[in-house]
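# Structural characterization, general
What follows is the residue order along each chain.
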Amino acid sequence: MTRRDTLEMFEEYTGVPASLWKTLSENFDRYDVFRGAINTIVDAIQMEIINRDYKWKPIWHTFRKENDKVRKIGIQDIKQQIYDYIAVNGLKEVLNKKIGYYQCAALPHKGQVFGKKAIEKWVRHEKMRHAWKGDARHYYENIDKNKLKKLLKKYVDNEPLLHLVFALIDSFEKGLEIGSYLSQYLANFYMSFAYHYVEENMVKIRKHRNGTKEKVRLVLHQLYYMDDIAFFGNSLKDLKSAVKMFRKWMWDNLGVEIKQDDQWINFQDGYIDMMGFCVSRVKTWVRSRIFLRLRRNVKKVQKDKEISLAAARRIISRNGWTDNSMCKHWIKKNKVTDITKLCKEMVKHAKNVIRLETRKGHYCAVA
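Residues numbered from 1 in each chain as written. Predicted model: local features only at pLDDT ≥ 70, side-chain atom pairs only at ≥ 80, totals over all residues. Heavy atoms only, no water.

Our next topic: the overall build of the chain. Counting its regular elements, the chain contains 14 helices and 14 strands. Counting only C-alpha atoms and orienting by the principal axes, one finds that the chain spans roughly 85 × 65 × 30 Å. Out of the 367 residues in the chain, the part that is buried amounts to 44%. Excluding contacts between residues fewer than 6 apart, the proportion of contacts in the chain whose partners are at least 24 apart in sequence is 67%. Split by element, the accessible area of the chain, about 21,300 Å² in all, is 50% carbon and sulfur. Once the 71 positive and 43 negative side-chain charges of the chain are each reduced to a mean point, those two points are 8 Å apart. (Helix = DSSP H or I, 4+ residues; strand = E, 2+ residues; numbered from the N terminus. Buried < 20%, exposed > 50% of the residue type's maximum accessible area, 1.4 Å probe, protein only. Contact = heavy atoms within 4.5 Å. Areas by Shrake-Rupley, 256 points an atom, 1.4 Å probe, with all protein chains shown as cover. Lys, Arg positive; Asp, Glu negative; His and termini not counted. Charge placed at Lys NZ, Arg CZ, Asp CG, Glu CD.)

Applying the stated criterion across every chain yields a total of 19 salt bridges. Arg3 is paired through a salt bridge with Asp5; the nearest N and O atoms lie 2.7 Å apart. Among the salt bridges present, the one from Glu120 reaches Arg124, with a minimum N-O distance of 3.9 Å. The network of salt bridges with shared partners includes Arg4, Glu8 and Lys57. (Salt bridge = Lys/Arg side-chain N within 4 Å of Asp/Glu carboxyl O.)

This part is about the sheet that holds strand 8 (residues 263–266). Taken in spatial order, the 4 strands of this open sheet run 6-7-3-8, and their pairing is antiparallel. Across the chains shown, the open sheet's two edge strands, defined by having one partner strand only, are strand 6 (221–225) and strand 8. On average, each strand axis in the sheet is inclined to that of its neighbour by 15°, with strand direction left out of account. Alignment of strand 3 (residues 130–135) against strand 8, held across 4 bridges, turns out to be antiparallel. The residue bridging Trp132 from the neighbouring strand is Trp264, located in strand 8. Contacting strand 6 and strand 7 (228–233), helix 9 (residues 181–201) runs over the sheet at an angle of about 175° to strand 6. Docked against the sheet, helix 10 (residues 236–254) engages strand 3, strand 6, strand 7 and strand 8, running at close to 20° with respect to strand 3. (Pairing = 2+ DSSP bridges. Axes fitted to C-alpha atoms, helices over the stretch in contact; angles between N-to-C directions.)

A separate point is the nonpolar core. Soluble globular proteins tend to pack their nonpolar side chains together in the buried interior. Counting 71 residues, the largest nonpolar core has Leu91, Leu152, Phe231 and Phe246 as its most contacted members. Ranked by the residues each element gives to this core, the list is headed by helix 9, at 12 residues. Setting aside its immediate chain neighbours within four residues, Phe231 contacts His130, Ala131, Trp132, Val198, Val219, His221, Gln222, Tyr224, Leu239, Val243 and Phe246. The next biggest cluster of nonpolar side chains, apart from the first, holds 40 residues, and it includes Ala230, Phe291, Cys343 and Ile354. (Core = buried A, V, L, I, M, F, W, Y, C linked by side-chain atoms within 4.5 Å.)

At a minimum axis separation of 11 Å, helix 7 (residues 145–155) and helix 8 (residues 159–170) run at an interaxial angle of 165°. When the axis of helix 7 is compared with that of helix 8, the two are roughly antiparallel. Here helix 7 and helix 8 pass one another in a crossing that is right-handed. Judged by residue contacts, Lys145, Leu148, Lys149, Leu152 and Lys153 of helix 7 engage Leu162, Val165, Phe166, Ile169 and Asp170 from helix 8. Classifying every residue of the contact of helix 7 with helix 8 gives 6 nonpolar, no polar and 4 charged. (Parallel < 35°, antiparallel > 145°, perpendicular 65-115°, else oblique. Left-handed = near helix turned anticlockwise from the far one by under 90°. Nonpolar A, V, L, I, M, F, W, Y, C, P; charged D, E, K, R; others polar.)

Our next topic: the side chain of Ser280. Within the fold, Ser280 resides in the loop between strand 10 (277–279) and strand 11 (284–286). Not counting chain neighbours up to four residues away, the residues in contact with Ser280 comprise Val123, Arg124, Gly270, Tyr271 and Trp285.

Turning our eyes to something else, we now look at a positive patch on the surface. Among the surface-exposed residues, Arg289, Arg293, Arg295, Arg296, Lys299 and Lys333 lie close enough to one another that they form a single positively charged patch. Ranked by residues supplied to the positive patch, first place goes to helix 11 (residues 288–304) with 5 residues. Structurally, the position occupied by Arg293 is in helix 11. Overall, the relative accessible area of 35% leaves Arg293 in the partly exposed class. (Patch = residues over 30% accessible without salt bridge, like charges linked within 9 Å, V, L, I, M, F, W, Y side chains within 5 Å.)

The first and last C-alpha atoms of helix 8 sit 16 Å apart over 12 residues, in line with the 16 Å expected at 1.5 Å per residue. Every buried residue of helix 8 is listed here: Leu161, Leu162, Leu164, Val165, Phe166, Ala167, Leu168 and Ile169. Against the buried residues of helix 8 lie helix 4 (78–98), helix 7 and helix 9. Sitting at the amino-terminal end of helix 8 is Asn158, which places a side-chain oxygen 3.1 Å from the backbone nitrogen of Leu161. (Expected span 1.5 Å × (residues − 1). Polar contact = N/O pair within 3.5 Å; in protein donor to acceptor, adjacent residues only side chain to side chain.)

The next point concerns the sheet that holds strand 14 (residues 362–366). Spatially, 12-13-14 is the arrangement adopted by the 3 strands of the open sheet, whose pairing is antiparallel. With partners counted over all chains shown, the strands left at the sheet margins are strand 12 (306–308) and strand 14, one partner each. With direction set aside, neighbouring strand axes in the sheet form an average angle of 35°. Across 5 bridges, strand 13 (residues 353–359) lies against strand 14 in antiparallel orientation. Each bridged residue has a counterpart across the sheet, and for Arg359 the counterpart in strand 14 is His362.

Time to look at the packing of aromatic side chains. The geometry of two aromatic rings is summed up by the distance between their centres and the angle between their planes. Summed over the entire model, instances satisfying the criterion amount to 23 aromatic pairs. With 6.4 Å between their ring centres and 70° between their planes, Trp132 and Phe246 make a pair best called edge-to-face. On the criterion of sequence distance, the pair formed by Trp132 in strand 3 and Phe246 in helix 10 is long-range, its members being 114 residues apart. Given the relative accessible area of 0%, Phe246 is considered buried. Between Phe231 and Phe246, the ring centres sit 5.1 Å apart and the planes meet at 75°, which makes this aromatic pair edge-to-face. (Phe/Tyr/Trp six-rings, centres within 6.5 Å; stacked < 30°, edge-to-face > 60°.)

Take a look at the structure:
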């Protein structure tokens, strides 16, 4: 209720001025106060879907710089975000079936920590020797909308749902929009066909002296983090053949280009850097850039003896990496667990600033 477009949506469907809704939201945090208005909005959106008369404001864009890259982020109206959630819930069955087991950027409980544990298991196997890491060039914006629609039409037998999903896809400027809730699922669905191609078709026939033949997989393991792709194997020659086939198949079938700046890793003395973690045969640590930013935020909190809401969000967003890597000594020495706990409480209650003091060696909030 703190968003302007939410208040405008309430005004649009109830006729009550947005200023009054803002006053109510500031003085009442109980759901009962808004139940009638919410039901009115739900009924209106339901009728729009039935009549196929969707209404949302055009997407506008902002630019964000990340690691020397400038990303174009689409900002959606709250109404379109609601439609995104309806579409994703409608597609849930096909998404659960099609998205690969080691596609770590969409399904619940399959995020960065899940992927990190899988990589640790593979890398630390005595026979694992090599890996390849690559990524797609401007993956979101280069997804072919027509090919995506054909694939959805093939696997989704629900015409009203498809009509809504296609309307949302057509609202995107080019390909899929970075920042859209629906886009991340559709991007993983699109990439899942590459995942299954590698799983089922990347084999070679090995002939034995006794005349028998054996199918051998060129890629022993694969892992995807949206458009970041990693192949693992015990033969560098087989991996190079697989990458060549994969690059050609991606361009011919999905219209996606895999960048030429390949990263080849030998686990005898190297490590793979993926999802913010660096994993070698013997240890796992956090990518330097992420750790340094978190350390800077923690030191500022310790120096100022206070946490702002913005700082709390920054600390929480990076805390998962340190909790799941070799940072236990640093966490204990700097009382990061205490600080993170206070940050979570602060974000939960949306306080602007909290003061800190140390009691018995632990950080506590001052009333």
